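An overview of the molecular structure
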Amino acid sequence: MPEIFRAARVAPMTPGRPLLEDGAVVCDGDTSGVARTILAVGPYAQLCREFSGPVRDLGDVVLAPAVFNSHTHLEMAHLAGKVTSGQGFLAWVRSLTSQPLYAPDEGRIQLELARLEARGTGFVADISTRNAPAMAALLARSGHFHASFQEAIGTVVPEDIGSLIHQLPDSACASGRGTLSAAGHALYSTSGPLMRAAKQAASARNLPFSLHLAEHADEDAILLTGKSAFLDLLRERGYLLEYDAPGKRPVPQAAALGLLDERTLAVHCVTVTDEDMDLLAQSRASVCLCPRSNEYIGVGQAPVGALLVRGVNLCLGTDGLCSVADMDVYGELAWLKAHALPELSLVDGLALITSNPARFFCLEQHLGSLAPGRQARFSVVPPELAAMFLG
Ligand SMILES: [Zn+2]
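Here is a short report on the structure shown in this document. (Residues numbered from 1 in each chain as written. Predicted model: local features only at pLDDT ≥ 70, side-chain atom pairs only at ≥ 80, totals over all residues. Heavy atoms only, no water.)

So, the overall build of the chain
Secondary structure summary: the chain contains 16 helices and 14 strands in total. Rg of the C-alpha trace for the chain: 21 Å, near the compact-globule value of 21 Å for 391 residues, within the 12% margin. By its C-alpha atoms, the chain is 70 × 45 × 40 Å across when sized along the principal axes. Accessible surface, the chain as shown: approximately 15,400 Å² in total, 52% of it carbon and sulfur. (Helix = DSSP H or I, 4+ residues; strand = E, 2+ residues; numbered from the N terminus. Rg over C-alpha atoms; globule rule 2.2 N^0.38 Å. Areas by Shrake-Rupley, 256 points an atom, 1.4 Å probe, with all protein chains shown as cover.)

In C-alpha cells form, the structure reads like this:
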C-alpha cells in the first residue's frame, strides 16, 4: 500500500515547479528501504483523494530531496578538530602534514556516514589519496549513492593510465549506487602530464573527474611565478624540486591541459578573476564550493554571485573534517545565505545541493528531485535554515 508523506512545504526541485504549500509525496509500498520510489508529488488535498494509504504528517517543515555532499575526504576524518584554523593555507598544511594523514578511522567514518544518512544526505563524493576502494566499500555499506575518486598526486604517469582508476570493490558494484573514478589533487602537486592522464582515464570510461582548482593565493603564485612560501615548504620536504611554473593562472592552465569540460568538477574556485569565470562557464565544467572549509583555512571566499550570474553549474561540498566541523552540506548552504548571498531564494539554494549535483553526477533519474520514479530519499531542511529563507 502506498504511504503519503505530508509537509507544510514540499520542494520538488523539478524545473519550473515552485515550493508547494501543504504538499505531499506519495511513495510505493516496498518497505525494504532500498528501492522505494516516488509515485506522485503534489498538493496534499489532491493526492489524498487519489491515493489511499497511511499518512505520515511531518508538520511545519520543508521536505526536500536527499542532499548531495559533492566534495569530502573521508580518509582524513580522524583529523577532526586537530588542524590549525584561520591562519591561511601554509599554516594549515604545516599543521595537517605533521599528523598521520592516510590512516582512516573506519569506526569514525561509519559514525559520520550514519549521521549524514539520518540528516538526509543521499550522496557523497569522496576524494581519497591512498584508500579509495576501502572508502568506496564503506560508502556502499552506508547506503549512500557515491562517487569515489582515486586522487593522483606527484609526477609519475603509469604506462597503463587506466590503472589510475582502481577497481570498485564487489560490494560497491553490487549496490549499483557507486562509481570509482580518478581525480587530480591540484595543478602544483599533480604534474600536468599526470593530471592529463587522470582526466583521460576518467573520460575513457565516461566517468566524472575532479580537481582542487584556484583554492588559495599561494596556488596562483606557484603557477604564475614559481615563487611562494608554500612552494618553499614543499621543497623543504622533498617535493616539487623540479617544478617549472607554467606562467598561467590556475583556470587557464587547467583549460590548456584539457581538464575542463562538462564531466569535470572544479573544487573551490576562490581566487578566480572575471576572465577565469568566463572560461569556466564556457567550458561547461561544474564548480563545487566549500565555503566553511575556505573560512576555516583562511583563504578567502569564492565569488559565488558572479559564478551564478554566468550560469555555472554550482554544487556544494563540505571538504574533509580536517577543515570543517561536520559533513552536513546544509551547513554550507546556511553559510552562503548568512555571509554571501542574503538574497538567495530557498529553491535556488537547494539547487546547489540537489538538482545541480544530480545533473553533474548523472543521477537525475534517481536523486536530486522529488518526482515520480525517483528514489524515495528525502531530507528535511533544518528548521533554523528554513527560517533564514522563509522568515
Ligand atoms: Zn578537498
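Additional details are given in the paragraphs that follow.
Examining the layout of surface pockets
Estimated volume of the largest pocket: approximately 840 Å³. Sorting the residues of the lining of the largest pocket by element identifies α2 (89-96) and α8 (229-236) as the ones contributing at least two each. No other element matches α2, which puts 4 residues into the lining of the largest pocket. Class assignment of the residues belonging to the lining of the largest pocket gives a composition of 16 nonpolar, 11 polar and 6 charged. Computed from the structure, the second largest pocket encloses a volume of approximately 450 Å³. (1 Å grid on protein atoms, 1.4 Å probe; cavity = no way out; pocket = protein on both sides within 12 Å on 5 of 7 lines; lining within 4 Å. Points joined across faces, edges and corners; volume = space filled by probe spheres on them. Nonpolar A, V, L, I, M, F, W, Y, C, P; charged D, E, K, R; others polar.)

Observations concerning α8
The periodicity of an α-helix, 3.6 residues per turn, causes residues three or four positions apart to be oriented the same way. Inspection of α8 places F230, L231, L233 and L234 among the buried residues, and these make up the whole buried set. Looking straight down α8, one finds its buried side chains confined to an arc of 155 degrees; they lie on one side. Sitting at the head of α8, S228 places a side-chain oxygen 3.2 Å from the backbone nitrogen of F230. Phi for G238, located one or two positions after α8, is positive at around 90 degrees. (Buried < 20%, exposed > 50% of the residue type's maximum accessible area, 1.4 Å probe, protein only. Arc of directions from axis to C-beta. Polar contact = N/O pair within 3.5 Å; in protein donor to acceptor, adjacent residues only side chain to side chain.)

Side note on the coordination of the zinc ion
Taken together, the protein donors to the zinc ion comprise H71 (NE2), H73 (NE2), H212 (NE2) and D319 (OD), at separations of 2.1 to 2.4 Å. What the 4 donor atoms of the zinc ion show is an angle range of 88 to 166 degrees at the metal, which sorts the shape as irregular. Here the donor residues for the zinc ion map to a single chain with the spacing H-x1-H-x138-H-x106-D. Residue H73 is located in the loop between β6 (67-72) and α2, and its partner D319 is located in the loop between β13 (314-316) and α13 (330-339); the two are separated by 246 residues in the primary sequence. Considered together, H73 and D319 belong to a single accessibility category, that of buried residues. (Donors = N, O, S within 2.8 Å, 3.2 Å for Na, K, Ca; no water. Tetrahedral: all angles 85-135°; square planar, octahedral: opposite > 155°, others 65-115°.)

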